[in-house]
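# Topology and contacts: notes
Residues per chain are reported as follows:
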Protein chains: 4
Amino acid sequence: MDLSAYSVRTDLALEAHDMATASGTIMPGVHRAVENHEGIRISTIDITSEEGARAIGKLPGHYITIEVPELRQKDSDLQDRVATVLAKEFEGYLAKLNVPPMAKVLVIGLGNWNVTPDALGPIVVENIMVTRHYFELMPGQVSPGYRPVSAVAPGVLGITGIETGEIVQGIVEKSNPDLVIAIDALASLSLERVNTTIQIADTGIHPGSGIGNKRKGLTVDTLGVPVIAIGVPTVVFASTIVNNAFDMMHNHFLKQTDNTGTILGLLDNMQENERLELVKEVLNPLGHDLLVTPKEIDQFIEDIANIIASGLNAALHDAVNADNVSAYTH
Amino acid sequence: MDLSAYSVRTDLALEAHDMATASGTIMPGVHRAVENHEGIRISTIDITSEEGARAIGKLPGHYITIEVPELRQKDSDLQDRVATVLAKEFEGYLAKLNVPPMAKVLVIGLGNWNVTPDALGPIVVENIMVTRHYFELMPGQVSPGYRPVSAVAPGVLGITGIETGEIVQGIVEKSNPDLVIAIDALASLSLERVNTTIQIADTGIHPGSGIGNKRKGLTVDTLGVPVIAIGVPTVVFASTIVNNAFDMMHNHFLKQTDNTGTILGLLDNMQENERLELVKEVLNPLGHDLLVTPKEIDQFIEDIANIIASGLNAALHDAVNADNVSAYTH
Amino acid sequence: MDLSAYSVRTDLALEAHDMATASGTIMPGVHRAVENHEGIRISTIDITSEEGARAIGKLPGHYITIEVPELRQKDSDLQDRVATVLAKEFEGYLAKLNVPPMAKVLVIGLGNWNVTPDALGPIVVENIMVTRHYFELMPGQVSPGYRPVSAVAPGVLGITGIETGEIVQGIVEKSNPDLVIAIDALASLSLERVNTTIQIADTGIHPGSGIGNKRKGLTVDTLGVPVIAIGVPTVVFASTIVNNAFDMMHNHFLKQTDNTGTILGLLDNMQENERLELVKEVLNPLGHDLLVTPKEIDQFIEDIANIIASGLNAALHDAVNADNVSAYTH
Amino acid sequence: MDLSAYSVRTDLALEAHDMATASGTIMPGVHRAVENHEGIRISTIDITSEEGARAIGKLPGHYITIEVPELRQKDSDLQDRVATVLAKEFEGYLAKLNVPPMAKVLVIGLGNWNVTPDALGPIVVENIMVTRHYFELMPGQVSPGYRPVSAVAPGVLGITGIETGEIVQGIVEKSNPDLVIAIDALASLSLERVNTTIQIADTGIHPGSGIGNKRKGLTVDTLGVPVIAIGVPTVVFASTIVNNAFDMMHNHFLKQTDNTGTILGLLDNMQENERLELVKEVLNPLGHDLLVTPKEIDQFIEDIANIIASGLNAALHDAVNADNVSAYTH
């Protein structure tokens, strides 16, 4: 999770797409499809052209978003169904990338384990069924139905002093996986999506592009193997909430008065940087790192991390299925 | 910490006083004084009349607020000085209440240990130097300079199924302390005060007064012994931030335009319940339990809990002083 | 868990019985029965006379021991079956004690949460489905199939400074349960039983009886309501292991030599207190608090705590059954 | 910590030396010296010949052992003094290896964070003052008195599926430190040394040498830069305790009887593999991974990890000294 801006930002292709097309614009080179399965909504966005990528602000690629509004209700049956859906969708990615059954997979859990909403990746990694060492130490003796899987939570720059991208590159070069899966906590525009949405993308993880930002991404270019990214929005930035408040007030006035000329003039004339100044002032002195979270966040993060780990364990190992998958997470 | 409202609320007498006197009103029966010691501001508010209590919305009593804006900078020297100030101010309370040197003290750490910003009380309790059992098991053999101190974190209603007040009453009746100290995390109006302010009050802990709210307070009336409350604001509610955003926009327009008639009319006419509706809409669907916290919250809470525990250990035991106090916390 | 002796001791009635009857003695007033269910062995010991109680060193009562040697294999299907067996056996106790469906139950998780092998009780409590507050706050609105359940982990003397028995008495007096269930970690004689055995007893929890030991038990006499104890051996004391080593050497020499006269004389003449001295010397300087544990202990404790919590949730609430029980533990 | 044997083993050069010279043998190519400072004993062992190395069973190198029997007494003043001694001794290593003031240092915290006695390395890493990223992101703007330090806890094979040595090699190649410091929990022969002894060695970390053991060491040969190892004995294996018990019984009989012929014959004739069989039998069924630990182990490990982190922070950064060092650990 990149914690770095006062402005409105989203890591979800779905939200970026919906913002970009809010006015009804049709996007060339962008395809969007939706399915619904008893409370689980699966959206596919394919960005096939550079033009579409620029318009949406996301890289070309195949994005699947699984939305489950009821996921915070602690319904274990629903959680199991989401894990199964995730496994099936993930298997689609494996097929699309022609990843063979015995290909080696490295799961990278990004994020800071000391910051609860950023700890998603490390918690998933703790529940991944790791098998690579059995193949190395006892080749030929591993039961059929498993593939070599390794898993690492590399920490963040402030903890290690080393770029996460460099650590991952070093580990990839030494352990030679055929595929990397990177798990990361995301920021969302919408409180509704917090801990209820899972995004899968074959684009890898890209660093923010701000000045001085030296961070390396985790992509096929930097690592030499395909990278599938799985992300879950776990927070909304306080700045997003304040921006929402301004929008809401704007809309409220629109509805409440006929004499909108003066006030709308004021609001519309309020330039982006003035607005940003106001947001900053509201959030002073703690600034842009402020997170808005539900108080049950520890439980929510643990639940969705278990869903992702279960889904991945089932997708990666043929011998793991809906009946035995819970044995591998804790 | 009572997590229960969409409206603007504060648990700090200082903030309540400053709101009530914002317009320059002089409060009869309320006395306020301030001292400054190298980056530590100590405010005293004495509410001596029912009239003053009503005006401010806080019970009659003696409130001390220690404000240390630099407390989040991880300056261990400053942290030690704050603990020493806290010890000294707390000793003032013991003197005022005529608590003798060997009087038995029970420290209650309120709050939910599974919710980081509400875990202040339980973390303080973990670092309190507990000695009561030595006096019970080996009377006459305890070194001079110590008093009998016990400490309990009773949990919250959602964890135990039992009113916290009832649990504490039961423990008080069986263990017979002469004084109860109750530690609690508070909500603040201001991000600036989060984890930088400590309030001491001889009023005990009072429950919210909402309909259906059956929770018992921890006061001399319910427990039969004096109760000193120590609180630290650890969060701002998201609703407070949104309300702040609305205020900020109001002020911005005041400054930006001469033609304020129409717009101020609109803003001023916006009634409290309309405003509340807007706040709710912004925070939908996760609602009023949303907390705004800095991402380093785990570290901040631990630091300030250590300060409080160190201050109390030094105030309660003559044998504990600035030189050896760090041996008793971890 | 009472950590207090150099000598060989067990908290399991089954082990005490087997030691007492090792020489083939028949115990009057003691009945023992065994059933086997696919890897789960259920032993019942009924001690009905004072004479039998004295001989075995356990109080008169009804003891059920569930032994599952494979429980450390992380087989989730087996774990579910053990939880179901525990629920069924526990329902037998409820029936025997004539506990009506809506009777209020208080679950007490004994032990020190800072000492992993002693944290069993507190971890069970975290996973108990707590409902009492719904009955108090919204009487008449709770769905059928639930009863009022509360749960508390009272800590240990060294943490609170207060006798655990006093804290529990205070809470029982204020919250008025009809039945108390006390969960505790036990010491075993046998490494084999560590984290694979669950004992249920209707005797409550009794304190050690050493001189100066003031601790109160949790029994129908001290609390005024029946107390069912559930225990799991989670450690073997290092002193037990050393004693085992001495026994093993004794047996080894018996087997190895014909000329046993001299050596057996030596071994047999070695008096209990000499032997105890040797044990102490081996364990010097850290002494009797030394615990022998497998390195995976954190995981084992969590697994068996989940089994107990699941079993109790199913036994206490009709609406909870094998299909939905996992939703209530985490 | 390598958990792999039934036989008596130690990771401490001091213990290995003392065993090898127990009979008064003088070791050529081995120099041993001792200093005492108010409760802190500093032993130096220099192994300068292959012959000495073989005799002791440790690699040629410079070993310093800091023994502080009182370290478990929670005396914060003593803890500070030990950290200062460690800093001074460590600076001696830096001088000996000609490590310049701005040389880059990587601290590796070995061990499994899920197994308390093996978590020493990861806990030290959490308290190391990490600065390398400031030098990378803002070269020229870092205050004087600091050097570039990075820190990683790479996990263990069972957690990641990847050899720890491979992960460290990858990180070293990408981040280019000039020196590696490796922290590890050790096994001791003696309960007395558990959590009271710190060993520093310029030999790096060497893998066990058992058949099939593929693990790579962390040495100047594998990493290309010098490796200083810091270790603390945090456990005694249960097998060591059982072996001690056998020895103790042997000595007991020696003292107790004149007629030692028969029995000593028995004991002395008991061959190493018979003895090993007995040890195995005692520890059956949980086997050689059984650890003997004091119950306060969590606290002990945290305390000694803080001492090591404080000592290293002071040794590595000139700007960190006894007055401000506590600000950098938590």
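Conventions used here
Residues numbered from 1 in each chain as written. Chains lettered and ligands numbered in written order. Predicted model: local features only at pLDDT ≥ 70, side-chain atom pairs only at ≥ 80, totals over all residues. Heavy atoms only, no water. Helix = DSSP H or I, 4+ residues; strand = E, 2+ residues; numbered from the N terminus. Buried < 20%, exposed > 50% of the residue type's maximum accessible area, 1.4 Å probe, protein only. Contact = heavy atoms within 4.5 Å. Areas by Shrake-Rupley, 256 points an atom, 1.4 Å probe, with all protein chains shown as cover. UniProt positions renumbered as here; feature names shortened; annotations may be inferred. Patch = residues over 30% accessible without salt bridge, like charges linked within 9 Å, V, L, I, M, F, W, Y side chains within 5 Å. Salt bridge = Lys/Arg side-chain N within 4 Å of Asp/Glu carboxyl O. Axes fitted to C-alpha atoms, helices over the stretch in contact; angles between N-to-C directions. Parallel < 35°, antiparallel > 145°, perpendicular 65-115°, else oblique. Left-handed = near helix turned anticlockwise from the far one by under 90°. Nonpolar A, V, L, I, M, F, W, Y, C, P; charged D, E, K, R; others polar. Expected span 1.5 Å × (residues − 1). Polar contact = N/O pair within 3.5 Å; in protein donor to acceptor, adjacent residues only side chain to side chain. Lys, Arg positive; Asp, Glu negative; His and termini not counted. Charge placed at Lys NZ, Arg CZ, Asp CG, Glu CD. Pairing = 2+ DSSP bridges.

The subject of this paragraph is the overall build of chain A. Within chain A, the regular secondary structure consists of 12 helices and nine strands. Looking at chain A residue by residue over its 330 residues, the buried ones come to 60%. Partitioning the intrachain contacts of chain A with sequence separation of at least 6 by distance along the chain shows that 74% fall at a separation of at least 24. Summed over all atoms, the accessible surface of chain A reaches about 12,900 Å², with 49% contributed by carbon and sulfur.

The positions that UniProt labels "transmembrane region" (unreviewed entry) are, in the present scheme, residues 223–246 of chain A. Annotation note: span residues 223–246 of chain A, helix share 42%, strand share 46%, distance between end C-alpha atoms 42 Å.

Turning our eyes to something else, we now look at a nonpolar patch on the surface. A cluster of nonpolar side chains, contributed by Tyr134, Leu137 and Met138 of chain A, occupies part of the molecular surface with about 250 Å² of accessible area. In this structure, Tyr134 of chain A sits in helix α5 (residues 132–137).

Before going further, it helps to examine the pattern of salt bridges. Any two side chains of opposite charge can pair, so long as their charged atoms come close to each other. Taken as a whole and assessed by the stated rule, the structure comprises 36 salt bridges over all chains. Each of Glu15, Arg41, Glu67 and Arg193 of chain A takes part in one network of salt bridges that share partners.

This paragraph deals with the environment of Leu12 of chain C. All names here are of chain C. Counting through the fold element by element, Leu12 comes out in the segment before α1 (13–20). The spacing of Leu12 and Val105 is 93 residues in sequence and 24 Å in space, taken between C-alpha atoms. Once residues lying within four places of it in the same chain are set aside, the contact partners of Leu12 are Lys58, Leu186, Ser188, Arg193, Thr197, Gln199 and Pro233.

Our next topic: the packing of helix α3 (residues 76–96) of chain B against helix α12 (residues 297–316) of chain B. Residues and elements named next belong to chain B. Contact geometry of α3 with α12 gives a least axis separation of 8 Å together with a crossing angle of 45°. What the angle tells us is that α3 and α12 run oblique. Crossing hand, α3 versus α12: right-handed. Residue-level contacts link Gln79, Val82, Ala83, Leu86, Ala87, Phe90, Glu91 and Leu94 of α3 to Asp303, Ile307, Ile308, Ser310, Gly311, Leu312, Ala314, Ala315 and Leu316 of α12. In terms of residue class, the contact of α3 with α12 is built from 12 nonpolar, three polar and two charged.

Comment: phi is negative for the bulk of residues other than glycine, and the bulk of peptide bonds are trans. We note that Asn176 of chain B has phi near 50°; this positive angle belongs to a residue other than glycine. Residue position: Asn176 of chain B is located in the loop between α7 (164–175) and β6 (179–187). Judged by relative accessible area, which is 46%, Asn176 of chain B ranks as partly exposed. Its identity is not glycine, yet Glu38 of chain D carries a phi of approximately 40°, on the positive side. You can see Glu38 of chain D is positioned in the loop between β1 (30–37) and β2 (40–47).

The subject of this paragraph is helix α3 (residues 76–96) of chain C. All names here are of chain C. Over its 21 residues, α3 extends 30 Å from the first C-alpha to the last, a length consistent with the 30 Å expected when each residue adds 1.5 Å. Taken residue by residue, α3 has Ser76, Leu78, Gln79, Val82, Ala83, Val85, Leu86, Ala87, Glu89, Phe90, Tyr93 and Leu94 as its buried positions. Contact partners of the buried residues in α3: β2 (40–47), β3 (61–67), β6 (179–187), β7 (197–201), β8 (227–237) and α12 (297–316). Near the N-terminus of α3, the side chain that reaches the backbone nitrogen of Asp77, with its oxygen 3.0 Å away, is that of Asp75.

On to a negative patch on the surface. Together, Glu70, Asp75, Asp77 and Asp80 of chain A give the surface a local cluster of negative charge. Overall, the relative accessible area of 36% leaves Asp75 of chain A in the partly exposed class.

What follows is about the pairing of strand β5 (residues 149–152) of chain D. Residue and element names in this part refer to chain D. Along β5, one buried face is formed by Val149 and Ala151 and the opposite face, lined by Ser150 and Val152, is buried too. The pairing of strand β4 (residues 105–109) with β5 spans four bridges and is parallel. Along β5, the bridge assignment pairs Val105 with Val149.

It is at 8 Å that the axes of α7 of chain B and helix α7 (residues 164–175) of chain C come closest, and there the two elements cross at 130°. Here α7 of chain B is positioned oblique relative to α7 of chain C, judged by the angle of their axes. Helix-helix and strand crossings are classified by hand; for α7 of chain B and α7 of chain C the assignment is right-handed. Residues Glu166, Ile167, Gln169, Gly170, Ile171, Glu173 and Lys174 of chain B of α7 of chain B lie in contact with α7 of chain C, whose contacting residues are Glu166, Ile167, Gln169, Gly170, Ile171, Glu173 and Lys174 of chain C.

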